[in-house]
Amino acid sequence: MIKLLKYLKRSAGYVVLIVLLLFLQAYCDLSLPDYTSKIVNVGIQQQGIEDGVPEKIRTATMDSLRLFMDGDAVSDTEEAYTQEDDLYILKDDIDEETREQLNEDFGKPMLILSGLSKDSQESKAMMDQMGIPEGSSPVETIVQMPEEVREKMTSAMEEKFEEMPDSIVTQSAVAFVRAEYEAIGEDVDAIQMNYIKSAGIRMVLMALLIMAASVSVVFLSSRVAAALGHDIRRDVYRKVIGFSSNEYHKFSTASLITRSTNDVQQVQMTMAMMFRIVLYAPILGLGGVLRVLQTNSSMTWILGVGVVLILVLIGMLFTIAMPKFTKLQTLIDKLNLVTREILTGTLVIRAFSREKHEEERFEDANRTLTKTNLFVNRCMTFMMPCMMLIMNGISVLIIYNGSYAVDGGNMQVGDMMAFIQYAMQIIMAFLMITAMSIMLPRANVAALRIVEVLETKNSLEDPEHPVQPSGNEKGTVEFDHVSFAYPDAGENVLTDISFKAEKGQTLAVIGSTGSGKSTLVNLIPRFYDATSGSIRVDGVDVRSMSQKDLRDRLGYVPQKGILFSGTIDSNIRYGKTDISEQEVKEAAEIAQAADFIEEKNYRYQSPVAQGGTNVSGGQKQRLSIARAIAKKPEILIFDDSFSALDFKTDRTLREALKKHTKDTTTIIVAQRISTILSADQILVLDDGKMAGLGTHKELMKNCEVYRQIAMSQLSEEELANE
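Residues numbered from 1 in each chain as written. Predicted model: local features only at pLDDT ≥ 70, side-chain atom pairs only at ≥ 80, totals over all residues. Heavy atoms only, no water.

All right, on to the overall build of the protein then. On a plain count of helices and strands, the protein comes out with 27 helices and 15 strands. Residue pairs in contact within the protein that sit at least 24 positions apart in sequence constitute 78% of those at least 6 positions apart. Total accessible area computed for the protein in this model is approximately 37,100 Å², and 54% of it derives from carbon and sulfur atoms. (Helix = DSSP H or I, 4+ residues; strand = E, 2+ residues; numbered from the N terminus. Contact = heavy atoms within 4.5 Å. Areas by Shrake-Rupley, 256 points an atom, 1.4 Å probe, with all protein chains shown as cover.)

Turning our eyes to something else, we now look at the side chain of Q592. Take Q592: it is sitting in the loop between α20 (581-590) and α21 (594-599). Side-chain polar atoms of Q592 contact the backbone oxygen of E589, separated by 3.1 Å. When residues no more than four places from it in sequence are discounted, the contact partners of Q592 are R622, T649, T652, L653 and A656. (Polar contact = N/O pair within 3.5 Å; in protein donor to acceptor, adjacent residues only side chain to side chain.)

Taken as a whole and assessed by the stated rule, the structure comprises seven aromatic pairs. On the numbers, 6.1 Å between centres and 90° between planes, the contact of Y81 with F106 is edge-to-face. Note that Y81 is positioned in strand β2 (residues 81-84) and F106 in helix α4 (residues 96-117), a separation of 25 residues in sequence. With respect to class, Y81 is no different from F106; both count as buried. Pairwise contacts between aromatic rings join F484, Y486 and Y528 into one cluster. The residue whose ring lies beneath K38 is Y35, and the NZ or CZ to ring-centre distance is 5.9 Å. When the ring centre of Y88 is taken as reference, the NZ or CZ atom of R66 above it lies at 5.0 Å. (Phe/Tyr/Trp six-rings, centres within 6.5 Å; stacked < 30°, edge-to-face > 60°. Buried < 20%, exposed > 50% of the residue type's maximum accessible area, 1.4 Å probe, protein only. Lys NZ or Arg CZ within 6 Å of the ring centre and 35° of its normal.)

Turning next to the nonpolar core. Residues L4, I232, V267, I394, I398 and I450 are the most contacted members of the largest nonpolar core, which totals 74 residues. Those elements that place two or more of their residues in this core are α1 (12-45), α9 (188-241), α11 (253-278), α12 (280-295), α13 (300-344), α15 (355-407) and α16 (413-454). Top contributing element to this core by residue count: α16, with 20 residues. With residues up to four places along the chain from it excluded, the contact list for I394 reads I302, G306, A423, M424 and I427. Among the nonpolar cores identified, the runner-up in size contains 47 residues, and I579, A591, I668 and L677 belong to it. (Core = buried A, V, L, I, M, F, W, Y, C linked by side-chain atoms within 4.5 Å.)

Under the counting rule described, the total for this entry stands at 30 salt bridges. For R536, the salt bridge is made with D480, and the minimal N-O distance between the two is 3.3 Å. With R536 in strand β7 (residues 532-537) and D480 in strand β4 (residues 477-484), this residue pair connects regions lying 56 residues apart in the sequence. R573 is the partner of D569 in a salt bridge, and the nearest nitrogen-oxygen pair spans 2.8 Å. Here D569 and R573 have matching classes, each one buried. Taken together, the shared-partner salt bridges in this structure form one network comprising R10, D231, R234 and D235. (Salt bridge = Lys/Arg side-chain N within 4 Å of Asp/Glu carboxyl O.)

Checked against the element boundaries, R672 lands in the loop between β13 (665-669) and α24 (673-676). In this structure R672 comes out as buried when scored by relative accessible area, which is 18%. When residues no more than four places from it in sequence are discounted, the contact partners of R672 are F642, S643, L645, D646, F647, D650 and Q713.

As a further point, take helix α22 (residues 617-630). Taking 1.5 Å as the rise per residue, α22 with 14 residues should run 20 Å; its terminal C-alpha atoms sit 20 Å apart, in good agreement. By the criterion of burial, α22 is predominantly enclosed, with 13 of the 14 residues buried. After α22 finishes, the residue K632 shows a positive phi value of roughly 55°. (Expected span 1.5 Å × (residues − 1).)

This paragraph deals with the sheet that holds β2. Spatial ordering of the open sheet is given by β1-β3-β2, a layout of three strands whose pairing is antiparallel. The sheet terminates laterally at β1 (56-58) and β2, the two strands that pair on one side only. Going from strand to strand, the sheet's axes swing by 30° on average, the running direction of each strand aside. Note that β2 and strand β3 (residues 87-90) share four bridges and pair antiparallel. (Pairing = 2+ DSSP bridges. Axes fitted to C-alpha atoms, helices over the stretch in contact; angles between N-to-C directions.)

Here D538, not a glycine, exhibits a phi torsion of approximately 55°, which is positive. Along the chain, D538 turns up in the loop between β7 and β8 (540-541). Its relative accessible area of 3% is what places D538 among the buried residues. Unlike most non-glycine residues, D687 shows phi in positive territory, near 55°. Here D687 lies in the loop between β14 (681-686) and β15 (689-694). Judged by relative accessible area, D687 falls into the exposed class, the value being 58%.

Quick look at a negative patch on the surface now. Together, E50, D92, D93, D95, E96, E97 and E100 give the surface a local cluster of negative charge. In this structure, D93 sits in the loop between β3 and α4. You can call D93 exposed: its relative accessible area is 63%. (Patch = residues over 30% accessible without salt bridge, like charges linked within 9 Å, V, L, I, M, F, W, Y side chains within 5 Å. Lys, Arg positive; Asp, Glu negative; His and termini not counted. Charge placed at Lys NZ, Arg CZ, Asp CG, Glu CD.)

For helix α3 (residues 71-80), the complete set of buried residues consists of A73, V74, T77 and A80. Taken down its axis, α3 places every buried residue within 135° of arc, on the same side. In α3, those exposed residues whose orientation departs by more than 90 degrees from the buried face are G71, D72 and E79. (Arc of directions from axis to C-beta.)

To continue, consider a nonpolar patch on the surface. Residues I201, V204, L205, L208, M211 and V215 make up a contiguous nonpolar surface patch of roughly 580 Å² in combined accessible area. Residue position: L205 is located in helix α9.

Across the five residues that make up strand β12 (residues 635-639), a large majority, five, are buried. Of the two faces of β12, the one lined by I635, I637 and D639 and the one lined by L636 and F638 are each fully buried. One ladder, built from four bridges, connects strand β9 (residues 554-557) with β12; its direction is parallel. Residue pairing for β12: V557 is matched across the bridge by F638. After leaving β12, the chain enters helix α23 (residues 647-660) and then returns to the sheet as β13, a path that is right-handed. (Right-handed = clockwise from strand over helix to strand, strands pointing away.)

This is how it looks when you write it as structure tokens:
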């Protein structure tokens, strides 16, 4: 997968934007539990009052509180408040740090004053401890005390409250502030409702922002993944289209199709999910851990237990399922190969009544793929219940431990709820990565298969400085002591072949089956490179020319006629699209295809199915010949292209060809002697070696191999007439 990430360069801007949106989404997601905690703690438990810092406080109450403050605390309150009539008003420019200090300054004095004001046994015990007579005003009595006595008494009271949890001190301070607001005449219910509404609106806005960010990430990641898939498919296609026959032997056609479609789709889909999950999960998980540490670090061990259990589960599943993922793509290749073979050879299968055998062969490949898929999917479906069990177990453990913390006053209910939500977010981050583990191994295998194609070195490369023929020599083909062996083959297919076809000449190649005729003509357009010797076109070695320049000079008709989906006109124009209608018709007439074309309803605009399945073998071959003629090349190569034609059509076509292509060099591979009798030169091959070279008459006199072929096809009378 890493090697394919270079294709993201084109979408680098989108990738950066996606990452920023993911951080925004994670920030909003991680903020929601905090708002939930505040609504429970502040909005419900503290009735909308955030802390022990009053926004307004009566002068008498402030003076009473200052009795229990040290000098620094008194100084802090003097700086933070301004006096207006009978009230102290908190300044607007108070920062968060100052507010926290004020909350600490007010906390214990409010607790003491609140305790002294209550008519309870605890209050009486406190007054007795402080030496305040029963029935007298506690505040007035403390005011009249000497400063040293008051400070000593305050210190003793603070030591008593030292072991008290901060949450209880804050709750008491909040209750004191609420009572003060009621005394001032503030609507405390409105304060509570306003706080809950404000927090609720923020949560809704956060949720909308999460939705917008999520939708944007999905849209952008789909766009990036689609661009990635497009670029990979383009490069794979360009690479495959440039393969020589050597590379096609290495990869089967079915495998190349799978790699160009299924494998690229796997990578594309995984890349789209990667932005939404693989990048987002660590951001969410790490952010959740940091928030948990801020909420309550005493229960983080629970998260550690959950993470360890998840990692163990993932490790076990990967060990079991990973080898199967690797095997899966190979099995898809095999199924495609079998399917392609069966569909291509349907007529042969029916002719030999092998339907049952092929059905069993397909079923075997299908069954093996299905079993492997089921095994992998069962492993992954087993994972989900286990993950849910771990998640629910973590929730129960947090609630169990949190209940004791709440009971002891060390934690508020809202904090415990937030902790559960953060824990679920952290577990969900791991769950998302685990879900991706279903796709990542398979995508990695697919990526490796794509990279294998992209990194395959072409055995046929254009030279760095291609040579162009001078123009003095045109339409010549020369073999100079050429030998050729297929890669990894032990023996030569062709050995020491030498001949030269001049401009306007017809060179015929004949020989027994397997003598190397097709191999010889395939060396001219450089489908393969000669093992030794050189092949020159227009006086230049084909290896010194660019492949495009070389092939632009050639018109090639393969042994098996191949047509493309479109029309008859588009197929004839395939080699040269800018020719006129008249030239199209002329090429069809030379190829003896005009008669059957004119009989069709739409004539030259008649549709041609993929592979030319809606025309006969002879018609397909004639259209292939017309396509080569329409190109008007310097050199025409016919690789046994007249085999599907009857004798009459064959003869008429060759006569028309000779008449209209006087300046074109023609190389014909043929099985029939009658096709090549009038050739200027006939090259006879026998087991890859030259058995003879000359005209028909010359070869009949001095080439035994040619004479045997001629006598096997023609009678003595026909040979005598020739």
